[in-house]
Amino acid sequence: MKGKKWILDSKFEGEPSPRNFKLVEEDIDENLNSGEVLCEAVYLSVDPYMRVFVNDVKDVMKGEQVAIVVQSKHPDFGVGSLVLGNFGWRSLTKVSDISEIRPIPELGELSPSLALGSLGMPGLTAYYGVLDVLKVKVGETFVVTAAAGAVGSFAGQVAKLKGCKVIGFAGSKEKCDLIKEYGFDYAFNYKEVTLQEAMATAAPEGVDCYFDNVGGTFTNDILPFMKTKGRIAVCGSISTYGMDHVQPTGRLPYYTINQKTLTVQAFLVYHYFAKWPAALNEMIPWVKEGKIKYRETIMHGFDKMVDAFIGLFKGTNIGKAVVKC
Ligand SMILES: NC(=O)c1ccc[n+]([C@@H]2O[C@H](COP(=O)([O-])OP(=O)(O)OC[C@H]3O[C@@H](n4cnc5c(N)ncnc54)[C@H](OP(=O)(O)O)[C@@H]3O)[C@@H](O)[C@H]2O)c1
């Protein structure tokens, strides 16, 4: 039996481009031993971290997928079960170690694709960033970047649920309109409005909490607008992922951080892995009851993996980017 996989064909230099990837076939031995299952991809996630976590030529691109069990010799995962697995960009995966797969959380009428987005890793990132890292309080001023994306849109809505004034920065009018519909108090297109203008309008009193998804210049520029004892959650820095591991040559903004006595805390969602089920018990009702809204950008066909991935860096996705096979 033949499966398909996307491998890295040449090292990334700057932003990913189609020439970095190659679609190849692989042989899958369909004779299963006891305890094994064969999974076929249904929805595949594309996420910014894939730009920095894969850089060895010929490696399969990493990533999580929702897959359907198409053959089974395991009592807990019958044919037709939907599972989550970090199988990479693969169309077919034979799983010998069952600890590599997880059942999909109980989503009722919701699409299983949400297990890759709002009700999966990105939503959980937002949840912990807002509630555990920033520990937002009622009445605080909260800023989030990449605000119409998978993490940012969820983070802003959680902060709003907790009583914050929420300000989002995103890269188009369509994205800004969407997050205003989600209940953000202010939405700014950072390509058109300066930070000075935005802050004068939306946060003349300063910012208590900054949920940082983009890093780079924007992060340096927002520091003067933080309140004394403000908090920053360093979630990601997508604006720098094309810079590889070049060390910054400019001065790090420690003076401002020190003078404003800011707390800057980085976090990784996988450090909370054991607590994910408890968080999902709270998040799933938020989504089912419409308290938290979501958007997915779904591309169709395994051959669209590269386009979907590159779209993250061009900002063509709105909400969670997913490929449906
Ligand atoms: N700490 C963790 O455990 C963890 C877990 C998941 C994700 N993350 C991080 O969270 C961030 C958001 O991830 P996501 O999955 O939610 O992606 P996403 O926001 O759904 O998609 C990426 C978005 O980033 C924006 N962007 C791309 N290049 C940019 C640039 N040079 N400057 C400013 N914005 C840029 C684009 O939106 P615009 O059109 O608005 O520019 C794009 O749509 C990433 O930095 C990611 O690495 C961290």
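Residues numbered from 1 in each chain as written. Predicted model: local features only at pLDDT ≥ 70, side-chain atom pairs only at ≥ 80, totals over all residues. Heavy atoms only, no water.

- Going by an unreviewed UniProt entry, the chain carries the name Prostaglandin reductase 1 and comes from Potamilus streckersoni.
- Quoted verbatim from the Sequence similarities (unreviewed entry) field of UniProt, the annotation for the chain is "Belongs to the NADP-dependent oxidoreductase L4BD family."
- Per UniProt, the chain carries the Subcellular location (unreviewed entry) text "Cytoplasm". (UniProt positions renumbered as here; feature names shortened; annotations may be inferred.)

1. A short note on the layout of surface pockets
Step number 1: Space inside the second largest pocket adds up to approximately 220 Å³.
Step number 2: If you list the elements that add at least two residues to the lining of the second largest pocket, you get strand E7 (101-103), helix H2 (121-133) and helix H8 (276-288).
Step number 3: With 3 residues, H8 is the largest single contributor of residues to the lining of the second largest pocket.
Step number 4: Split into classes, the residues belonging to the lining of the second largest pocket amount to 11 nonpolar, 1 polar and 2 charged. (1 Å grid on protein atoms, 1.4 Å probe; cavity = no way out; pocket = protein on both sides within 12 Å on 5 of 7 lines; lining within 4 Å. Points joined across faces, edges and corners; volume = space filled by probe spheres on them. Helix = DSSP H or I, 4+ residues; strand = E, 2+ residues; numbered from the N terminus. Nonpolar A, V, L, I, M, F, W, Y, C, P; charged D, E, K, R; others polar.)

2. Details of the pattern of salt bridges
Step number 1: Within this structure, the stated rule accounts for 17 salt bridges.
Step number 2: With its nearest N and O atoms 3.5 Å apart, the salt bridge here joins Glu26 to Lys5. Of this pair, Glu26 sits in strand E2 (residues 21-27) while Lys5 sits in strand E1 (residues 2-8), and the two are 21 residues apart along the sequence. Grouping residues by exposure puts Glu26 and Lys5 together as buried.
Step number 3: One continuous salt-bridge network, built from bridges that share partners, spans Lys5, Glu26 and Arg90. (Salt bridge = Lys/Arg side-chain N within 4 Å of Asp/Glu carboxyl O. Buried < 20%, exposed > 50% of the residue type's maximum accessible area, 1.4 Å probe, protein only.)

3. Some details on the nonpolar core
Step number 1: The biggest cluster of nonpolar side chains holds 77 residues, and the ones touching the most others in it are Met61, Trp89, Leu119, Phe142, Phe211, Met283 and Phe309.
Step number 2: For Phe309, the residues in contact, after removing those within four places along its chain, are Phe12, Pro16, Phe21, Val46, Asp47, Met50, Arg51, Met61 and Trp89.
Step number 3: In terms of nonpolar packing, the next biggest core, distinct from the first, is built from 19 residues, Phe169, Phe188, Ala203 and Ile232 among them. (Core = buried A, V, L, I, M, F, W, Y, C linked by side-chain atoms within 4.5 Å. Contact = heavy atoms within 4.5 Å.)

4. Let's talk about the sheet that holds strand E13 (residues 263-266)
Step number 1: Spatially, 6 strands are ordered E10-E9-E8-E11-E12-E13 in an open sheet, and the strand pairing comes out parallel. Looking at the sheet topology across the chains shown, the edges are occupied by strand E10 (186-189) and E13. Pairs of neighbouring strands in the sheet enclose a mean axial angle of 15°, with direction left out of account.
Step number 2: Across 5 bridges, strand E11 (residues 207-212) lies against strand E12 (residues 226-234) in parallel orientation. When the bridges of E12 are listed, Cys209 appears paired with Arg231.
Step number 3: The strands that helix H3 (residues 150-161) touches are strand E8 (141-144), strand E9 (165-170) and E11; relative to E8, the one it contacts most, it runs at about 170°. (Pairing = 2+ DSSP bridges. Axes fitted to C-alpha atoms, helices over the stretch in contact; angles between N-to-C directions.)

5. Things to note about the domain arrangement of the chain
Step number 1: According to the domain assignment, the chain consists of domain 1 (2-117 + 294-324) and domain 2 (121-270).
Step number 2: Counting residues at the interface gives 21 residues for domain 1, matched by 14 residues for domain 2.
Step number 3: For the pair domain 1 and domain 2, the summed buried area comes to about 1,400 Å², and 56% of that belongs to carbon and sulfur atoms.
Step number 4: Joining domain 1 to domain 2, the criterion identifies 6 residue pairs in polar contact (both at pLDDT 80 or more).
Step number 5: Elements with a contribution of two residues or more to the side of domain 1 that touches domain 2: helix H1 (50-53) and helix H9 (305-314).
Step number 6: Taken together, the residues of the side of domain 1 that touches domain 2 break down into 10 nonpolar, 6 polar and 5 charged. (Domains from an automatic or database assignment. Buried area = accessible area lost by both parts, 1.4 Å probe. Polar contact = N/O pair within 3.5 Å; in protein donor to acceptor, adjacent residues only side chain to side chain.)

6. With respect to H3
Step number 1: Over its 12 residues, H3 extends 17 Å from the first C-alpha to the last, a length consistent with the 16 Å expected when each residue adds 1.5 Å.
Step number 2: H3 sits mainly inside the fold: 10 of its 12 residues count as buried.
Step number 3: Among all positions of H3, only Ala150, Val151, Gly152, Ser153, Phe154, Ala155, Gly156, Gln157, Val158 and Ala159 are buried.
Step number 4: The elements touched by buried residues of H3 are H2, E8, E9, E11, H8 and strand E15 (320-324).
Step number 5: Directly after H3, the chain includes Gly163, whose backbone phi takes a positive value near 90°. (Expected span 1.5 Å × (residues − 1).)

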